[in-house]
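# Summary of structural features
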Amino acid sequence: MSKRKLPTQKGLSRRAFLKTTGAAVSAGVVSGAAAELLNAQSTAKNKVAGPGEVPITLRVNGETHNLNVEPRVTLLDALRDRLDLTGAKKVCDRGTCGTCTVLVDGKAAYACSMLAIDAQGREILTIEGLAPEGELHPISAAFVENDAQQCGFCTPGFVMACKAYLDRNPNPTEAQAKKALGGNLCRCGTYIGVRAAVLDAAARMKGGR
Amino acid sequence: MRAYLPQFELITPTALEDALKLLAREPGQWEPFAGGTDLMVLLEAGKLAHQRFLNIWRLKELHGMEETRENVTLGALTTYTEVQKHETLQREFPLLCRAAAVTGSVATQNRGTLGGNIANASPAADSPPALLVYDAELELLSARGARWVRYAQFHKGYKQMDLAPDELIARIRLPRRANVAPGFSPASWGWHEYYSKVGTRSAQAISKVCFAGAAQMANGRIADIRIALGSVAPTVVRCAKTEEFLRAEEKLTPAAVQKAQEILAGEIAPIDDFRSTARYRRRVAQNLLGEFLGSAVR
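All values derive from a computational prediction rather than experimental measurement. (Residues numbered from 1 in each chain as written. Chains lettered and ligands numbered in written order. Predicted model: local features only at pLDDT ≥ 70, side-chain atom pairs only at ≥ 80, totals over all residues. Heavy atoms only, no water.)

## Some thoughts on the sheet that holds strand 1 (residues 9–13) of chain B
What the four strands build is an open sheet, ordered 1(A)-1(B)-3(B)-2(B); its pairing is mixed. In this open sheet, the two edge strands, each paired with only one partner strand, are strand 1 (48–49) of chain A together with strand 2 (31–33) of chain B. Relative to strand 1 of chain B, strand 1 of chain A runs antiparallel, the two sharing two bridges. Note on strand 1 of chain B: the bridge partner recorded for A:V48 is B:P13. (Pairing = 2+ DSSP bridges. Helix = DSSP H or I, 4+ residues; strand = E, 2+ residues; numbered from the N terminus.)

Written as structure tokens, this is what we have:
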């Protein structure tokens, strides 16, 4: 793709940026006009958000954040670039590798494939919110002790996918653990350690740790 | 890996009326965007010509499920996870639940929708063969009104659909196979159901061949049968000629099974691509039919 945009910053909206870049101008203006027309005809209750920045409220790790984003901003970009929560990693950015896995209302979700605007009103949990500062969640501890990582880049995604699974299925078999984490990839190949960690974590969590 | 957001515009209506109005005013300009599990992939890969997207996730009319005596109707935004957990679907439409369980990964299933799977129109999609077996119907909605179409007639060719540029897929209706008594299951009426997805690995893989079949057995004979496949033609296909042949057979002899496999080969048109070869796909499709029929008479 030849078109790349600058990181969204205050004072340089995407629209302003487009208007200065020639080729893309007409498309941007026409759709903008369409959206404004729609907005004007909508009742106050029936709002159409976008394509410009809209105020959104996200609940992340128990805290409320108000921010302005364009509706096309992914949850992952909002978390990483706006809220400085960089535990969820951006690797494939297309819903394949699982490094960006977070919990949305307790369910595993790829933050790269979800829009921030659609994450409103939901409880989002990232790896940063898993345990109090300075403490290890039993799942994280199980990953450490079972050698479930090598470079560690995929680990936050694995830990969160594991959390989503164990919260609903506290007694997994190894085969079930394998299936539950099928959406997370580790290029170092630490899957054997990961599966051991899931079973170990399940035992630890039952022990109330 | 992309460092920045790809360039596209997206608007998010919260009322169905607004969404339909926009589609009516600028038909073909706005690509509906649901769970994003297909579109985000293409967007990030830079493979999508579209620049303007209509986020329909907030339209509550497109969520939810409804049961009547005759039908189970699913909102187009029903996720694979919701499908798997639904008790009536588990009991009466098990192939759909099995398809949902092998689509993508857990995180994909939490966001991906049935309507999105249909609108993406991939011949390799996993839930459409199940929808074909169950004679699903689609409700298409536009500012002009609503219409119902048979899903079997919805895909017109590779990525071609009977869907006007101003229409949204709103609901998917599954006719129930008999009047429903509490605890009814098609198995108790002799229905045997079979689903198999052949791919490179069990999570995240796109099918090489996908097979859904349901047969109603009565005294060792096939009373009714439905067969549909994915990844073996420009669209997902229902194999009517194979079904017709099998319905007419008195007994499922090895010779009859072999004949059915030959007919099946004539009803599909697999190709060579980076996932598999035409030869492999044809052979595996035939083998899956054999396995399905074998398991039905057992």
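## Focus: the pairing of strand 11 (residues 191–198) of chain B
On a regular strand, each side chain points to the face opposite its neighbour's, so the side chains alternate between the two faces of the sheet. Residue and element names in this part refer to chain B. Along strand 11, seven of the eight residues are buried, which leaves the element largely enclosed by surrounding structure. Bridge count for strand 11 against strand 12 (residues 209–218) is eight bridges, and the pairing is antiparallel. Bridging across to strand 12, V198 finds its partner in V209. (Buried < 20%, exposed > 50% of the residue type's maximum accessible area, 1.4 Å probe, protein only.)

## Let's talk about the sheet that holds strand 10 (residues 168–175) of chain B
Residues and elements named next belong to chain B. Overall, antiparallel pairing links the five strands, which are arranged 4-5-10-6-7 in an open sheet. Strand pairing shows two members of the sheet lacking a second neighbour, strand 4 (65–67) and strand 7 (145–150), which therefore form its edges. Adjacent strand axes in the sheet meet at a mean angle of 20 degrees when their direction is disregarded. Both strand 6 (residues 137–142) and strand 7 contribute to a ladder of six bridges, which runs antiparallel. The residue of strand 7 that forms the bridge with L138 is V149. (Axes fitted to C-alpha atoms, helices over the stretch in contact; angles between N-to-C directions.)

## Describing the environment of A:E128
All names here are of chain A. Looking at where E128 falls in the secondary structure, it is placed in the loop between strand 6 (123–125) and helix 4 (138–145). Put simply, E128 and R204 are 76 residues apart on the chain and 20 Å apart in space, counted from C-alpha to C-alpha. Residues in contact with E128, not counting those within four places in the same chain, are N61, L85, T86 and G87. One polar contact links the side chain of E128 to the main-chain amide nitrogen of T86, over a distance of 3.1 Å. Looking at E128, its side chain comes within polar contact range of the side chain of T126, at 2.6 Å. (Contact = heavy atoms within 4.5 Å. Polar contact = N/O pair within 3.5 Å; in protein donor to acceptor, adjacent residues only side chain to side chain.)

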